[in-house]
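# Understanding the architecture of this molecule
Given next are the chains, with one letter for each unit.
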Amino acid sequence: MAESMRGLKRSHRCTELSAANISEKVTVMGWVQRRRNLGSLIFVDLRDRSGLLQIVFDETSVGAEGFAKAGMLRNEFVIAVEGVVQKRSAAVNENLKTGDIEVIAESLRILSESETPPFQIEENSQTRDEVRLKYRYLDLRRPDIQRNLMLRSKVAYLLREFMAKEGFLEIETPMLTKSTPEGARDYLVPSRVHPGNFYALPQSPQLFKQLLMCSGYDRYFQIARCFRDEDLRADRQPEFTQADMELAFVDVDDVIDVNERLLQYVFKEAIGVEVQLPIPRMTWQEAMDRYGSDKPDTRFDMELIDVSDVVRGCDFAVFSNALENGGSVRGICVPGKGDLGRKQVDKLVELAKTYGAKGLAYIQCKSDGSVKSSFSKFFTEEGLQELIDAMGGKSGDLLLFAADKNKVVWDVLGALRLHMGKELGLMDPKKFNFLWVTEFPLLEWSDEEGRFKAMHHPFTMPMEEDWDKIDSDPGAVRAKAYDIVLNGAEMGGGSVRIHQNDIQEKMFEVLGFTQEQAWSQFGFLLEAFKYGVPPHAGLAYGLDRMVMLMVQAESIRDVIAFPKMKDASCLMTDAPNTVDEKQLKELGLSVCAADEA
């Protein structure tokens, strides 16, 4: 039978007590983590969000009734205990913050009983994700998850504190907006008041924060909820949180300056990591050429090497055809893997194929001095050695090559580099390597749509020195865009925005928009731009991803209170689900069966 806590008031959380509180009478409340009955004594580990505290029940101190109740306790019972803090009578537990003290119980109330939970509430649970997320309220009791969410709360506070001191105003933007399909898929919300019309949930506050710059607010900041109807990955959710900002009368260096100081402050205060300034910068082109990625993990080397000139004119059709079609031949040198067996090499070939490669060429510089290659019959011994030398290969190394269009080569070798870096243990978890990646392409070609699309969004400012190529070679135009990367993950990104009408109109033209289409989708922004728009730029961090990187979690779900599964469903609430026919009728909607769609 659950008891009332009438007359009781918690005096401390569990780990707020220390040796300084010895002899004090305290009241603590929480969940039973474990009970050990030694006959004359009962020990209970009490857990709250701060940690564990040992409670000792002795019949002489808690009374016969209290001692009997203590014997009934089970894991996850919620209890309140009054007692006196004393030094531990047994050995000190060095693994606990309260390992040198215990509370001798004088009274016990069982505030709530618990059934046996479907899994143990413990750190680093090996329980299947499906079970953990179905009972997320239990999973959230785990100390490691609680630490993650408490850190997330602290990070949000630090962000707000820093931005306020820097003169940013926190302003909320709408959650019900107009659908602008240029970009990811929108989540749509039907309107009851306007039958047949729909709102969209925001993919970001982009247009509204630009309007705030037009309105003279100078520096805007918001911790904003955003929604994208996309396929999920380990670091992506359909609903997520951005730390979003926009600044007026600035250029690239101004945005980077504020954000470098922001990162230095937040990482120091939140997790004690010193961020050395200035953070290194690397152009997008250099990042792709060296690492095969626009978000390179710079904690280890194993960089891509372009050997196109070395193999040019060779008889190996895979290499020569790639070069004739405007592609390249590049490789990576994997140290200490030259003696891999055939099955292991075949696995690497299959991995390469998942990233678009037709195959994978390789040279094994075996530790006994011999050389084995998948294409040796097309090269002389001298030619093969020249290629090995160009790659910096030595005995014991494995050389992997990709030959195709540059994008495929980058994707394949970038993925192999990360795979082998992980296998070799080269990603030091104690390192926090920050990097700015700058000068992204303004546009990227979409084979699916047969047109150029904005790599970021249609309002990104091109670099002035490239603008004369917009008609002759649109793909060569660079953008004033920048991403902040940490240990191989994009943590945030932004750009300088277009504020000149002629450039914006030309941008829409290159993207295939008619003037009518542009005004239909973005008319409210273009109208605002008629009335004096300042130069402006911004950046947004994925707050969930930032915290995930801070705590080095495997999945972004471990830093979100109630995340979705990979199919965007919630196992706990069984969402999404059907709704009442009356609701659909009010909205003027009908649902077709899948085979009717």
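Our subject is the structure listed above.
What counts and how
- Residues numbered from 1 in each chain as written.
- Predicted model: local features only at pLDDT ≥ 70, side-chain atom pairs only at ≥ 80, totals over all residues.
- Heavy atoms only, no water.
- Helix = DSSP H or I, 4+ residues; strand = E, 2+ residues; numbered from the N terminus.
- Contact = heavy atoms within 4.5 Å.
- Areas by Shrake-Rupley, 256 points an atom, 1.4 Å probe, with all protein chains shown as cover.
- Lys, Arg positive; Asp, Glu negative; His and termini not counted.
- Charge placed at Lys NZ, Arg CZ, Asp CG, Glu CD.
- Salt bridge = Lys/Arg side-chain N within 4 Å of Asp/Glu carboxyl O.
- Buried < 20%, exposed > 50% of the residue type's maximum accessible area, 1.4 Å probe, protein only.
- Pairing = 2+ DSSP bridges.
- Phe/Tyr/Trp six-rings, centres within 6.5 Å; stacked < 30°, edge-to-face > 60°.
- Lys NZ or Arg CZ within 6 Å of the ring centre and 35° of its normal.
- Expected span 1.5 Å × (residues − 1).
- Axes fitted to C-alpha atoms, helices over the stretch in contact; angles between N-to-C directions.
- Parallel < 35°, antiparallel > 145°, perpendicular 65-115°, else oblique.
- Left-handed = near helix turned anticlockwise from the far one by under 90°.
- Nonpolar A, V, L, I, M, F, W, Y, C, P; charged D, E, K, R; others polar.
- Polar contact = N/O pair within 3.5 Å; in protein donor to acceptor, adjacent residues only side chain to side chain.
- Disulfide = S-S within 2.5 Å.
- Core = buried A, V, L, I, M, F, W, Y, C linked by side-chain atoms within 4.5 Å.

### Considerations on the overall build of the protein
- Counting secondary structure elements, the protein contains 16 helices and 22 strands.
- If you take every contact in the protein between residues at least 6 apart in sequence, the share linking residues at least 24 apart comes to 68%.
- For the protein, the computed accessible surface area is about 30,000 Å², with 49% contributed by carbon and sulfur atoms.
- Across the protein, the mean location of the 74 positive side-chain charges is 6 Å away from that of the 94 negative side-chain charges.

### Quick word on the pattern of salt bridges
- A complete count under the given rule lists 53 salt bridges for this structure.
- Residues arginine 290 and glutamate 286 are paired through a salt bridge, measuring 2.7 Å at the closest nitrogen-oxygen approach. In this pair, arginine 290 and glutamate 286 are both assigned in helix H7 (residues 284-291), four residues apart and thus about one turn of the helix distant.
- For arginine 290, a relative accessible area of 26% corresponds to the partly exposed category.
- Of the charged contacts in the structure, one is a salt bridge between arginine 290 and glutamate 303, with a shortest N-O distance of 2.8 Å. Note that arginine 290 is positioned in helix H7 and glutamate 303 in the loop between H7 and strand S12 (305-306), a separation of 13 residues in sequence.

### Focus: the sheet that holds S12
- Spatially, five strands are ordered S12-S13-S16-S14-S15 in an open sheet, and the strand pairing comes out antiparallel. Strands at the two margins of the open sheet, each flanked by one partner only, are S12 and strand S15 (371-373).
- Here seven bridges tie strand S13 (residues 328-334) to strand S16 (residues 398-404), and the two strands are oriented antiparallel to one another. By the bridge assignment for S16, valine 329 is matched with alanine 403.

### Brief notes about the packing of aromatic side chains
- Taken as a whole and assessed by the stated rule, the structure comprises 21 aromatic pairs.
- Centroid distance tryptophan 445 to phenylalanine 452: 5.0 Å. Interplanar angle 80°. Geometry classified as edge-to-face.
- With a relative accessible area of 49%, tryptophan 445 lands in the partly exposed category.
- Ring centres of phenylalanine 513 and phenylalanine 522 lie 6.2 Å apart, and the angle between their planes is 50°; this geometry places the pair in the tilted category.
- Among the aromatic residues, ring-to-ring pairing joins Phe316, Phe319, Phe375, Phe378, Phe379 and Phe401 into one connected group.
- Over the ring of tyrosine 135 we find lysine 134, and its NZ or CZ is 6.0 Å from the ring centre.

### As for helix H10 (residues 342-354)
- Compared with the 18 Å implied by 1.5 Å per residue over 13 residues, the 19 Å span of H10 between its first and last C-alpha is a close match.
- For H10, the elements touching its buried residues are strand S14 (361-365), S16 and helix H12 (406-423).
- One or two residues past the end of H10 sits glycine 356, with phi positive at roughly 105°.

### Focus on the environment of leucine 525
- Relative to the elements of secondary structure, leucine 525 occurs in helix H14 (residues 515-528).
- As a C-alpha pair, leucine 525 and phenylalanine 57 span 468 residues in sequence and 68 Å in three-dimensional space.

### A short note on the packing of helix H4 (residues 143-165) against helix H6 (residues 252-271)
- One way to put it is that H4 packs onto H6 with a least axis distance of 10 Å and a crossing angle of 140°. When the axes of H4 and H6 are compared, the pair comes out oblique. For the pair H4 and H6, the sense of crossing is right-handed. Contact residues: Leu151, Lys154, Val155, Leu158, Leu159, Glu161, Phe162 and Met163 in H4; Val258, Arg261, Leu262, Tyr265, Val266, Glu269, Ala270 and Ile271 in H6.
- Its residues assigned to classes, the contact of H4 with H6 shows twelve nonpolar, no polar and four charged.

### Brief notes about H4
- End to end, H4 covers 33 Å across 23 residues, agreeing with the expected 33 Å (1.5 Å per residue, within 8%).
- Restricting attention to buried positions, one finds in H4 the residues Asp144, Ile145, Gln146, Asn148, Leu151, Arg152, Val155, Ala156, Leu158, Leu159, Phe162 and Met163.
- Directly after H4, the chain includes glycine 167, whose backbone phi takes a positive value near 90°.

### Observations concerning the side chain of arginine 152
- Examined against the element boundaries, arginine 152 turns out to sit in helix H4.
- A relative accessible area of 16% means that arginine 152 is categorised as buried.
- Polar side-chain contacts of arginine 152 include one of 3.1 Å to the side chain of threonine 241.

### Side note on the side chain of glutamine 237
- Structurally, glutamine 237 is set in the loop between strand S9 (219-227) and strand S10 (239-248).
- Judged by relative accessible area, which is 5%, glutamine 237 ranks as buried.
- Polar side-chain contacts of glutamine 237 include one of 2.7 Å to the backbone nitrogen of lysine 564.

### Points about the environment of aspartate 315
- Topologically, aspartate 315 is positioned in the loop between helix H8 (308-311) and helix H9 (317-324).
- Along the primary structure aspartate 315 and lysine 405 are separated by 90 residues, whereas in three dimensions their C-alpha atoms are 19 Å apart.

### Details of the sheet that holds S9
- One open sheet holds the eight strands; their spatial order is S6-S9-S10-S22-S21-S20-S17-S11, and the pairing between them is mixed. Single-partner strands in this sheet number two, and they are strand S6 (169-170) and strand S11 (281-283).
- Note: S11 against strand S17 (residues 434-438), three bridges, orientation parallel. Paired with methionine 282 across the two strands is valine 437, which belongs to S17.
- Across the face of the sheet, helix H5 (residues 206-214) comes into contact with S9, S10 and strand S22 (536-542) while running at roughly 20° to S10.

### Some thoughts on unusual backbone geometry
- In this structure, the amide linkage connecting leucine 277 to the following residue, proline 278, adopts the cis form with an omega of 0°.
- At the junction of alanine 575 and proline 576, the peptide bond is cis and its omega measures out at 0° in the coordinates.
- Summarising the element assignment, proline 576 is placed in the loop between helix H15 (543-551) and helix H16 (581-587).
- Positive phi, normally seen in glycine, also occurs at aspartate 218, with a value near 70°.
- For aspartate 218, a relative accessible area of 36% translates into the label partly exposed.
- Residue asparagine 487 is not a glycine yet carries a positive backbone phi of 50°.
- With respect to the secondary-structure elements, asparagine 487 resides in the loop between strand S20 (481-486) and strand S21 (489-496).

### Looking at the state of the cysteines
- On inspection of all chains with the given rule, the structure shows zero disulfides.
- Distance from the sulfur of cysteine 214, which forms no disulfide, to the nearest cysteine sulfur (cysteine 226) is 20 Å.

### Things to note about the nonpolar core
- Counting 106 residues, the largest nonpolar core has Val155, Phe267, Phe434, Met491 and Tyr541 as its most contacted members.
- The biggest single contributor to this core is H6, with nine residues.
- The residues touching valine 155, leaving out its near neighbours within four places in the chain, are Val266, Ala270, Leu543, Met546, Val547 and Met550.
- Core analysis: the next-biggest nonpolar cluster, separate from the first, contains 24 residues, Cys14, Ile55, Leu73 and Val81 among them.

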